[in-house]
Amino acid sequence: MSYTVRPARSADILGIHRLLEPMVDRRILLGKDLAVLYGATQEFVVAERDDGELIGCGALHVMWEDLGEIRTLLVREDWLHHGVGGAIVSALEDRAVQLGLSRLFCLTFEVDFFTRRGFAPIGEQVVDPDVYSQLLRSPDEGVAEFLDLAHVKPNTLGNTRMLKEL
């Protein structure tokens, strides 16, 4: 059976939530309330089998003028190693370019997967001080993860911060 990757619709959010639950239970990803997922519908793409079943998803969140984050990237376990994750990342990268972004960030346990796609681990200072001070004002946890702020550490232990130039 084949699949396609397409922009998510609001009708996909319950399916995305179902895909996310096992990853949350295993503490691989942080849980997201349905209200948060619905509010981010436009950020998501989904991988859908020909019969309409969702088998994966990922989101692109704009963080700054030139910077986006790949979030909530997951593939159903029975579809791992079938190219689904790579296809989702590719779709998110295309979307990032359309939005005028030149860098993509991710926080991941899957370092090899992202390395194969051109991402590299990053250090502490990846934006200039003026941008850093502006980003500090953001209430978004993904921005806090990008900045490597101490208050997100309990949620991100073991993850690697990675960046790709588009």
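Residues numbered from 1 in each chain as written. Predicted model: local features only at pLDDT ≥ 70, side-chain atom pairs only at ≥ 80, totals over all residues. Heavy atoms only, no water.

A. Layout of the pairing of strand β5 (residues 103-108). Across the six residues that make up β5, a large majority, five, are buried. Bridging between strand β4 (residues 67-75) and β5 involves three bridges; their strand directions are parallel. Pairing of Leu-67 across the sheet is with Arg-103, part of β5. As paired strands, β5 and strand β7 (residues 160-165) are joined by six bridges and run antiparallel to one another. Looking at β7, one finds that Leu-107 is bridged to Arg-161. (Buried < 20%, exposed > 50% of the residue type's maximum accessible area, 1.4 Å probe, protein only. Helix = DSSP H or I, 4+ residues; strand = E, 2+ residues; numbered from the N terminus. Pairing = 2+ DSSP bridges.)

B. Here's a closer look at unusual backbone geometry. For Arg-27, which is not a glycine, the phi torsion comes out positive at approximately 60 degrees. With respect to the helices, strands and loops of the structure, Arg-27 is situated in the loop between α1 (13-25) and α2 (34-39). The exposure class of Arg-27 is exposed, given its relative accessible area of 75%. The backbone phi angle of His-81 is positive, close to 65 degrees, even though this residue is not glycine. For His-81, the location among the structural elements is in the loop between β4 and α3 (84-98).

C. Here's a closer look at the sheet that holds β5. Pairing is mixed across the open sheet formed by seven strands, whose spatial order is β1-β2-β3-β4-β5-β7-β6. Here the strands that pair on one side only, and so sit at the sheet edges, are β1 (3-7) and β6 (120-121). Across five bridges, strand β2 (residues 44-49) lies against strand β3 (residues 54-64) in antiparallel orientation. Paired with Phe-44 across the two strands is Ala-59, which belongs to β3. Contacts from α1 reach β2, β3 and β4, with the element oriented near 90 degrees to β3. (Contact = heavy atoms within 4.5 Å. Axes fitted to C-alpha atoms, helices over the stretch in contact; angles between N-to-C directions.)

These values are about where atoms sit, not about what they do.
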